[in-house]
2 protein chains.
Amino acid sequence: MGNLAELDTPAALVDARRMQRNIARMQDRLDVLGVRFRPHVKTSKSLPVVQAQLAAGAHGITVSTLKEAEQFFEAGITDILYAVCMAPGKLPHVLRLRRAGCDLKVITDSVAAAQAIAAFGREQGEVFEVWIEVDVDGHRSGIPPESDMLIDVGRALHEGGMKLGGVMAHAGSSYEFDDPEALQKVAEQERSGTVRAAQRLRDAGLPCPVVSVGSTPTALSATQLEGVTEVRAGVYVFFDLVMRNVGVCAFDDIALSVLTTVIGHQEDKGWAIVDAGWMAMSRDRGTERQKCDFGYGLVCTQDGAPLEGYVLSGANQEHGILSRAGGVDREIAARFPVGTRLRILPNHACATAAQHPEYHAILADGRIATWPRFYGW
Amino acid sequence: MGNLAELDTPAALVDARRMQRNIARMQDRLDVLGVRFRPHVKTSKSLPVVQAQLAAGAHGITVSTLKEAEQFFEAGITDILYAVCMAPGKLPHVLRLRRAGCDLKVITDSVAAAQAIAAFGREQGEVFEVWIEVDVDGHRSGIPPESDMLIDVGRALHEGGMKLGGVMAHAGSSYEFDDPEALQKVAEQERSGTVRAAQRLRDAGLPCPVVSVGSTPTALSATQLEGVTEVRAGVYVFFDLVMRNVGVCAFDDIALSVLTTVIGHQEDKGWAIVDAGWMAMSRDRGTERQKCDFGYGLVCTQDGAPLEGYVLSGANQEHGILSRAGGVDREIAARFPVGTRLRILPNHACATAAQHPEYHAILADGRIATWPRFYGW
């Protein structure tokens, strides 16, 4: 346990009170909507964060890599959904985890992969649980609810001897909106498309116990989730400037920031140079096409108060350029002398967090705890 | 030692033959120009890579973080330049390394930091070696060669009892050009500005033994380096698509790539979905504003042959969208079936490498060695 003033910079900070508030907000909401919650742990990749999500009432976790499955299974979590379509070459890894006692579920959206999973499962005497990914918004992966392929994939799994566990969808397009009505519409489209896919599988005589949907914006915008059994969301745990622009959080909900130090100035340009470049912030420019562009991040005091108008307008590997948006601040060197410590709120928490080997969590009593996180595959 | 077919994906590959060729090319060039070479190790952060650079004739290394200094000092390298302006709060860390025997040099571009370094040095009885950063192109940090501040900083250090070791500049603007003549001009501007700053310090009665310049494009474009004592460059060791667009390497010089697997398709859109998203490629879109935009990377066969026209056109955390630039490929699923393994050349090697805990180096005999790399601060 240290304190903020002793931390080397750049460093990833987590405001634990904000994080707990974000966790409670999502869990309460989904409790009211009557569905289970399976948080996506790709955002934090950190056990203390995930333990807080489970303690608040989450059922199981969602992962984006088998490394995440492995790490959290080792920590005692067994109910895990690997929510990236299965590459047949990864099946031996999944098999090892399942044989060790991990209730690891995989997904697919193609007949070819479904057949490969079933063939490998039969060969190994393993009944893999597989969910089918449904495409509700043309965003990325999945099978459209009305497609014949949906039934073909279901049959390839079920008749191939695997456990067809359900359907899942992710309305990634929700990130592109910023008004509540549009977000409610995307949420309803995600719900209705996924429920429809489940219905079509059941009508074809196939099992479909789980109906899983989710993204942070839709989970926080849905007004009813009839037919849905569980919701998934990840970035809500920290929130970020992209989510603030989408309209589902405020600046003071953002629990992740990067602590940085001023190392120089270019006074005639109105620049302060800080030691948080893209290595500390990530290259994510997610707010570039949104209603408010924060460059590489919004500048706050060391205590976390936003200095509105001041952003990281540029970033090299270990250099950030701090300036006032929309005009040269000729007082920049006096305002932020060399050695000044600041916090930067990130565009995209998942990307920024991934650049750091650990979080420095500011606890409710002001002390700092070190929360390790992992990376890689 | 494994082989390519056994590697889990996504994975960072280094073609060791290409890397050795890149190292030899740079070293030979700087030998001919009669200057010493101090490679920037922020690109690789990996000991086997740095050992190959030193074995080829490099003198010392350049680092972007004190973690790099620490790690390479532990491996026996002592001549180290920390090439990011010194934050006074990091001086105790620098002191620890110097007291342990590391010949660690730091830089500054402000009177405030120079005074803080000198005050801390006197307090601790340590003569820090400090170089002054010179601004040759308005790109980021440094003091313009003709500025009065240059002499003020020099005096603050020298009269403050520190060792004024030299001047250094980095023509970061060189990345913005793509014709040899313009690059030669930037290289000459970098050289002449830095030499001029050294001359002004000497004229003021201050010592300035080292004159250090460099960036990969200028190091490969300079036709003469009179007055310069050493050159620094980093990304040349791997090269990347940004450098290919700048015109200082060809596709088949690029030594870093990401091995990936096809996990699905959206046939009507002409998309193959692969398991290399931005977590594996980084969010760097450095070719976006260059003459040829490669999206998140250029697609190659598993053996490394470029499939020109095929790029990662989109990326989510663990999903890449592979498509043909300029037209829907309706044969995408037949061309790249589920399970197909491909290599993706990165926009920016420093950013892509940073996402991976290790490199899988393909040696001249085809075997694969694991080269660890580190991250963080």
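Residues numbered from 1 in each chain as written. Chains lettered and ligands numbered in written order. Predicted model: local features only at pLDDT ≥ 70, side-chain atom pairs only at ≥ 80, totals over all residues. Heavy atoms only, no water.

1. Topic: the overall build of chain A
Thought 1: Looking only at helices and strands, chain A features 12 helices and 17 strands.
Thought 2: Radius of gyration (C-alpha) of chain A: 22 Å, near the 21 Å computed for a compact globule of 377 residues.
Thought 3: Dimensions along the principal axes, computed over C-alpha positions, put chain A at roughly 70 × 45 × 35 Å.
Thought 4: Evaluated residue by residue, chain A yields a buried proportion of 64% over its 377 residues.
Thought 5: Counted over contacts in chain A with a minimum sequence separation of 6, partners at least 24 positions apart contribute 68%. (Helix = DSSP H or I, 4+ residues; strand = E, 2+ residues; numbered from the N terminus. Rg over C-alpha atoms; globule rule 2.2 N^0.38 Å. Buried < 20%, exposed > 50% of the residue type's maximum accessible area, 1.4 Å probe, protein only. Contact = heavy atoms within 4.5 Å.)

2. Re the sheet that holds strand S5 (residues 103-108) of chain B
For sheets, the rule is that strands pair by backbone hydrogen bonds, running either parallel or antiparallel.
All names here are of chain B.
Thought 1: The strand order across the open sheet formed by eight strands is S2-S9-S8-S7-S6-S5-S4-S3, and the pairing between neighbours is parallel. The open sheet is flanked by strand S2 (36-37) and strand S3 (61-63), the only strands paired with a single partner.
Thought 2: As paired elements, strand S7 (residues 163-169) and strand S8 (residues 210-213) share three bridges and run parallel to each other. When the bridges of S8 are listed, Met168 appears paired with Ser212.
Thought 3: Packing of helix H4 (residues 91-99) onto the sheet brings it into contact with S5 and strand S6 (129-134), and relative to S5 it is tilted by some 155 degrees.
Thought 4: Running over the sheet, helix H7 (residues 180-203) touches S6, S7 and S8 and is turned about 160 degrees from S8. (Pairing = 2+ DSSP bridges. Axes fitted to C-alpha atoms, helices over the stretch in contact; angles between N-to-C directions.)

3. Let's talk about the nonpolar core
A general tendency of soluble globular proteins is for nonpolar side chains to be buried together.
Thought 1: Met19 and Phe238 of chain A together with Leu322 of chain B are the most contacted members of the largest nonpolar core, which totals 131 residues.
Thought 2: If you look at the next biggest cluster of nonpolar residues, it comprises 130 residues, including Met26, Leu97, Val231 and Ala233 of chain B. (Core = buried A, V, L, I, M, F, W, Y, C linked by side-chain atoms within 4.5 Å.)

4. Comments concerning the relation of the copies chain B and chain A
Thought 1: Take chain B, turn it by 180 degrees, move it 0.0 Å along the axis, and it overlays chain A with an RMSD of 0.0 Å. This pairing of chains is accounted for by a two-fold axis. Scanning chain B for the C-alpha nearest the rotation axis identifies Arg283 of chain B, at a separation of 2.5 Å.
Thought 2: A shared binding surface is used by both copies, with 98% of the interface residues of chain B retained as interface residues in chain A. (Least-squares fit on C-alpha atoms with pLDDT ≥ 70 in both.)

5. Side note on the sheet that holds strand S5 (residues 103-108) of chain A
Residues and elements named next belong to chain A.
Thought 1: Reading across the sheet, the eight strands line up as S2-S9-S8-S7-S6-S5-S4-S3 and stay open at both edges, with parallel pairing between neighbours. What marks the edges here is a single partner per strand, and that holds for strand S2 (36-37) and strand S3 (61-63).
Thought 2: Pairing between S3 and strand S4 (residues 79-82): three bridges, direction parallel. Bridging from a neighbouring strand, Thr62 pairs with Leu81 of S4.

6. Re the pattern of salt bridges
Thought 1: Summed over the entire model, instances satisfying the criterion amount to 41 salt bridges over all chains.
Thought 2: With a closest N to O distance of 2.4 Å, Asp275 of chain B and Lys90 of chain A form a salt bridge. Taken together, the residues span two chains, with Asp275 of chain B in the loop between strand S11 (271-274) and helix H10 (278-281) and Lys90 of chain A in the loop between S4 and helix H4 (91-99).
Thought 3: One salt bridge connects Asp253 of chain B with Arg21 of chain B, and the closest N-O pair in it is separated by 3.1 Å. One end of the pair, Asp253 of chain B, is in the loop between helix H9 (241-246) and strand S10 (256-266); the other, Arg21 of chain B, is in helix H1 (residues 16-33), and 232 residues separate them in sequence.
Thought 4: You can call Asp253 of chain B buried: its relative accessible area is 14%.
Thought 5: Using a relative accessible area of 43% as the deciding quantity, one classes Arg21 of chain B as partly exposed.
Thought 6: Here the salt bridges share partners, and the residues they tie into one network are Glu288 and Arg289 of chain A together with Arg285, Glu288, Arg289 and Asp293 of chain B. (Salt bridge = Lys/Arg side-chain N within 4 Å of Asp/Glu carboxyl O.)

7. A few points about the environment of Gln355 of chain B
Thought 1: Secondary-structure assignment places Gln355 of chain B in the loop between helix H12 (349-353) and strand S16 (358-362).
Thought 2: Residues Gln355 of chain B and Asp31 of chain B, spaced 324 residues apart in sequence, show a C-alpha to C-alpha distance of 33 Å.
Thought 3: Other than its neighbours up to four places away in sequence, Gln355 of chain B contacts Gln355, Tyr375 and Trp377 of chain A together with Trp278, Met279, Ala280 and Ser282 of chain B.
Thought 4: Within the structure, the side chain of Gln355 of chain B is placed 3.1 Å from the backbone oxygen of Met279 of chain B, a separation counted as a polar contact. (Polar contact = N/O pair within 3.5 Å; in protein donor to acceptor, adjacent residues only side chain to side chain.)

8. What to know about the confidence of the model for chain A
Thought 1: Considering every residue of chain A, the mean pLDDT works out to 97; 99% of them sit at 70 or more.
Thought 2: Complex prediction metrics read pTM 0.97 and ipTM 0.97. (pLDDT = per-residue confidence, 0-100.)

9. Points about the pairing of strand S7 (residues 163-169) of chain A
Residues and elements named next belong to chain A.
Thought 1: Most of S7 is tucked away: six of the seven residues are buried.
Thought 2: With six bridges connecting them, strand S6 (residues 129-134) and S7 associate as parallel partners. Across the sheet, the residue bridging to Glu133 is Met168, located in S7.
Thought 3: Regarding topology, helix H6 (residues 148-158) serves as the crossover connection from S6 to the parallel S7, and that connection is right-handed. (Right-handed = clockwise from strand over helix to strand, strands pointing away.)

10. Digging into the packing of helix H1 (residues 16-33) of chain A against helix H2 (residues 47-55) of chain A
All names here are of chain A.
Thought 1: Relative to each other, H1 and H2 sit at 35 degrees, their axes nearing to 10 Å. The crossing of H1 and H2 is right-handed. Along the contact surface, H1 presents Met19, Gln20, Ile23 and Gln27, while H2 presents Val49, Ala52 and Gln53.
Thought 2: Along the lines of polarity and charge, the residues of the contact of H1 with H2 split into four nonpolar, three polar and no charged. (Left-handed = near helix turned anticlockwise from the far one by under 90°. Nonpolar A, V, L, I, M, F, W, Y, C, P; charged D, E, K, R; others polar.)

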